[in-house]
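# A look at the structure
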Amino acid sequence: MKRFALSVGVLLLLITRFSEANHDDFSWHGFVAQGLTSSTDSNYITTGNEITTELTEIGINGSYVINSSLSVSGQLVYLDGGNRFRQGARLDYLFLDWRLTRLFDWQVNVHLGRYKNRHWWYSATQDVPQTRPSISLPQSIYYDGNRDLALSSDGIALQSAKTSSSGTWEVRWSYGRSPLAREDTEKLLSPQAQGRVKQDFTHQFSTYWQPQSMHWQLGFSLLQSEFTYDPAAVDILLNGKSGIDRLTLAARYDSENWELTMELLRDRLMYEGDFTQGIRLDVDKTGEGGYLQWRYFLQNNLTGLVRFDTYDVDRKDRHGKQLAFNPFGAIPEHYGYMDTLTVGLSWDIQANLRLSGEFSRTHGAGRLTAVVFPDALVYAKPYWNAWSVQLMYWF
């Protein structure tokens, strides 16, 4: 909490100080988005099939150019997404951008501080509503419960790009860690867990290539991360640690009137720990998933979307049959997978005002929460629906 207050204070001080500076050196923008949303037969967004206004996003971001090589960027937001993620304000990012001299025809930038994750298609734009293709992103890759964890980390990141006769190459690397709130521990483990989960590090690398034709782009990313559990004096978990190894493959094709996007992932998840009940947890499993998304630009201001998103918690148990033998209590088998079909429509009323709506039909609940403890499961029937309508304004 102290770190958050200090970071917010620094960001507000920068905005106040630099807003008085040369307007060519300082720029700032913001957005306000509000909507109606509901999930039926699931507590993914709302509890008890309610229709709610808990679809609020308010943000302000700024950038100050210190000199030709250095600049500072930051963003502060307030979010209310129902049950999807933690309600409240947070500092999404605040980093120093150091533009290095071109190295072997590569333009290299170093980001120091709370840098943004730029390794997936929408990882760097998921925090701004009007830059997303839909109100909610595909959960196989952009799991709402990990929104803050996936968006940014405290550490160092390198961004590099090169354009040649073979096309444009982008290579990115980052190393850091993200602070986790108390609510994150409850989602990852159990409401009974009294201690805190801490991320030890997250190490990522990605590269993307776009030929001169500019119609399509290919890429992949690698992620390795480890977590440890710091138990309370009286706790159900005596010790614990976990690790994630992720491989993501990505492809996109842009036509004049439509866009086709795909991302596939393979997650190796490792958990181990000792519990007061005398139970030893030792899990090593691999999850797989991905999505295929098609957007059609009906008019200059009207865009339609169709997307299929799928995820299996364990590639060796795609139908969730083994969840009945969970040592902490039986878990329904539909928590072993999650398949979602989404349709959506966006209307740009004017250059900075958009109305978006979407409807999703889902089979399974494997991506709603970590599937370890029965009391930590987000309630959902085998088949459930979700819909949202949101008005977005930006400046």
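All values derive from a computational prediction rather than experimental measurement.

Along its length, the chain carries 3 helices and 16 strands. Whereas a compact globule of 395 residues would reach a radius of gyration of roughly 21 Å, the chain reaches 21 Å, a difference of no more than 12%. When its C-alpha atoms are laid out on the principal axes, the chain stretches across 60 × 50 × 45 Å. When each of the 395 residues of the chain is scored for burial, the buried share is 50%. Long-range contacts, defined here as pairs at least 24 residues apart, represent 62% of the contacts in the chain between residues at least 6 apart. About 18,900 Å² of surface is accessible on the chain, with carbon and sulfur atoms providing 58% of the total. Across the chain, the mean location of the 37 positive side-chain charges is 2 Å away from that of the 43 negative side-chain charges.

To continue, consider the packing of aromatic side chains. Taken as a whole, this structure holds 13 aromatic pairs when the rule is applied. Seen from their ring centres, Tyr-175 and Phe-201 are 5.8 Å apart, and the 10° between their planes marks the pair as stacked. In this pair, Tyr-175 sits in strand 7 (residues 167-177) while Phe-201 sits in strand 8 (residues 196-210), placing the two residues 26 residues apart along the sequence. Aromatic pair Trp-294 and Tyr-296: ring centres 5.6 Å apart, planes at 40°, arrangement tilted. The exposure class of Tyr-296 is partly exposed, given its relative accessible area of 30%. Aromatic ring contacts, followed pair by pair, group Trp-28, Tyr-393 and Phe-395 into a single cluster.

This paragraph deals with the side chain of Gln-199. Counting through the fold element by element, Gln-199 comes out in strand 8. Of note is the side chain of Gln-199, whose polar atom sits 2.6 Å from the backbone nitrogen of Ser-178. A polar contact is formed between the side chain of Gln-199 and the side chain of Ser-225, at a distance of 2.9 Å. Non-local contacts of Gln-199, meaning those with residues more than four positions away in its chain, are made with Leu-149, Arg-177, Ser-178, Leu-180, Ser-225, Glu-226 and Phe-227.

Quick look at the pattern of salt bridges now. Enumeration according to the criterion identifies 24 salt bridges in this entry. Measuring nitrogen to oxygen at the nearest pair gives 2.6 Å for the salt bridge that ties Asp-348 to Arg-354. For Asp-348, a relative accessible area of 23% translates into the label partly exposed. Exposure remark for Arg-354: the relative accessible area of 15% places this residue in the buried category. Within this structure, Arg-86, Arg-90, Asp-92, Arg-147 and Asp-148 form a network of salt bridges that share partners.

Trp-120, Trp-121, Tyr-122, Ile-141, Tyr-142, Tyr-291 and Tyr-311 are the most contacted members of the largest nonpolar core, which has 15 residues in total. Setting aside chain neighbours within four positions, we find Tyr-142 in contact with Trp-120, Trp-121, Tyr-122, Ser-123, Gln-126, Leu-137, Glu-263 and Tyr-291.

Here the focus is the side chain of Ser-39. Of note, Ser-39 is situated in strand 1 (residues 26-42). One polar contact links the side chain of Ser-39 to the main-chain carbonyl oxygen of Ser-42, over a distance of 2.9 Å. In this structure the side chain of Ser-39 is engaged in a polar contact, spanning 3.1 Å, whose partner is the backbone nitrogen of Ile-45. Dropping the residues within four chain positions of it, Ser-39 is found in contact with Tyr-44, Ile-45, Thr-46, Asn-49, Glu-50, Asn-385 and Ala-386.

The next subject is the pairing of strand 4 (residues 88-99). Residues in a regular strand point their side chains to alternate faces of the sheet. Where strand 3 (residues 70-80) lies against strand 4, 10 bridges are found, and the strand directions are antiparallel. By the bridge assignment, Leu-79 is partnered in strand 4 with Gly-88. Pairing of strand 4 with strand 5 (residues 107-116) involves 6 bridges; the strand directions are antiparallel. Across the sheet, Trp-98 pairs through a bridge with Val-110, a residue of strand 5.

For the rest of this paragraph, the subject is unusual backbone geometry. Even without being glycine, Asp-41 reaches a positive phi, approximately 65°. Mapped onto the elements, Asp-41 comes out in strand 1. You will see that Asn-49, though not glycine, has its phi angle at about 60°, which is positive. Mapped onto the fold, Asn-49 is located in the loop between strand 1 and strand 2 (56-65). Residue Asn-49 is classed as partly exposed on the basis of its relative accessible area of 40%.

Rules behind the numbers
Residues numbered from 1 in each chain as written. Predicted model: local features only at pLDDT ≥ 70, side-chain atom pairs only at ≥ 80, totals over all residues. Heavy atoms only, no water. Helix = DSSP H or I, 4+ residues; strand = E, 2+ residues; numbered from the N terminus. Rg over C-alpha atoms; globule rule 2.2 N^0.38 Å. Buried < 20%, exposed > 50% of the residue type's maximum accessible area, 1.4 Å probe, protein only. Contact = heavy atoms within 4.5 Å. Areas by Shrake-Rupley, 256 points an atom, 1.4 Å probe, with all protein chains shown as cover. Lys, Arg positive; Asp, Glu negative; His and termini not counted. Charge placed at Lys NZ, Arg CZ, Asp CG, Glu CD. Phe/Tyr/Trp six-rings, centres within 6.5 Å; stacked < 30°, edge-to-face > 60°. Polar contact = N/O pair within 3.5 Å; in protein donor to acceptor, adjacent residues only side chain to side chain. Salt bridge = Lys/Arg side-chain N within 4 Å of Asp/Glu carboxyl O. Core = buried A, V, L, I, M, F, W, Y, C linked by side-chain atoms within 4.5 Å. Pairing = 2+ DSSP bridges.

Structural measurements only, silent on function.
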